[in-house]
Amino acid sequence: MSSDTRHLPRSFDLTQLPQTMPDVDALAALETHVAASASPASAAPVIMRFMPVGNTPVLKQKLMKGAATSYFQDVVRNLKKKLGLKAGDPLFTYINSSFAPAPDEVLGNLYNSFGTQVGEMRQLIVYYSTTPAWG
């Protein structure tokens, strides 16, 4: 272990640290975000394509629409119902086969950030499995 500490400061002066954003700016940023979320574009339905992984049952209807303002947990609940799973049965969902979204994630945010253009239609690709599939 090296005792070379010449690059490390011995003490900090907390008054020299940058100040946080003033409350007025934070409030303005929040109002801008809320106004953007309430735009007509975010009210459009989200088109989702459901893809099974492994030995999970295949849905008869792979494309579904959902409200942009709904939460991802609503999608999981409806998916379980369509697959005939009970409320306590495990169902793992992944967006674009890369990450599992939080249940309280807003569907419109996922669609805007991770939607994929498939032919003429933009879709949110949701992979689902009854056993863990990715990370």
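Residues numbered from 1 in each chain as written. Predicted model: local features only at pLDDT ≥ 70, side-chain atom pairs only at ≥ 80, totals over all residues. Heavy atoms only, no water.

As annotated in an unreviewed UniProt entry, the protein chain carries the name Ubiquitin-like protein ATG12 and comes from Mycena sanguinolenta. Annotation of the protein chain in UniProt includes, under Sequence similarities (unreviewed entry), the sentence "Belongs to the ATG12 family." Its UniProt record gives the protein chain a comment under Function (unreviewed entry), which states: "Ubiquitin-like protein involved in cytoplasm to vacuole transport (Cvt), autophagy vesicles formation, mitophagy, and nucleophagy." (UniProt positions renumbered as here; feature names shortened; annotations may be inferred.)

Chemist: Can you tell me about the side chain of Thr56, naming the residues and giving the values?
Modeler: Of note, Thr56 is situated in the loop between β1 (46–52) and β2 (63–66). There is a polar contact of 2.9 Å between the side chain of Thr56 and the backbone oxygen of Val53. Excluding residues that lie within four positions of it along the chain, Thr56 makes contacts with Tyr128, Ser129 and Thr130. (Helix = DSSP H or I, 4+ residues; strand = E, 2+ residues; numbered from the N terminus. Polar contact = N/O pair within 3.5 Å; in protein donor to acceptor, adjacent residues only side chain to side chain. Contact = heavy atoms within 4.5 Å.)

Chemist: With reference to specific residues and values, describe the nonpolar core.
Modeler: Judged by nonpolar contacts, the single largest core of 19 residues is most densely connected at Phe50, Phe72 and Leu124. Those elements giving two or more residues to this core turn out to be β1, α2 (72–83), α3 (107–114) and β5 (121–129). Among the elements that make up this core, the one with the highest residue count is α2 (five residues). Once residues lying within four places of it in the same chain are set aside, the contact partners of Leu124 are Val46, Ile47, Met48, Arg49, Ile95, Leu107, Leu110, Tyr111, Phe114 and Gly115. (Core = buried A, V, L, I, M, F, W, Y, C linked by side-chain atoms within 4.5 Å. Buried < 20%, exposed > 50% of the residue type's maximum accessible area, 1.4 Å probe, protein only.)

Chemist: Describe the environment of Ala87, listing the residues and the values that go with them.
Modeler: As for its placement among the helices and strands, Ala87 is situated in the loop between α2 and β3 (92–95). A relative accessible area of 75% places Ala87 in the exposed class. Ala87 sits eleven residues away from Val76 along the chain, and the two C-alpha atoms are 10.0 Å apart.

Chemist: Describe the pattern of salt bridges, listing the residues and the values that go with them.
Modeler: Enumeration according to the criterion identifies one salt bridge in this entry. A salt bridge links Arg77 to Asp74; the shortest N-O distance between them is 3.0 Å. Highlighted residues: Arg77 and Asp74, both in helix α2, separated by three residues, approximately one helical turn. With a relative accessible area of 24%, Asp74 lands in the partly exposed category. (Salt bridge = Lys/Arg side-chain N within 4 Å of Asp/Glu carboxyl O.)

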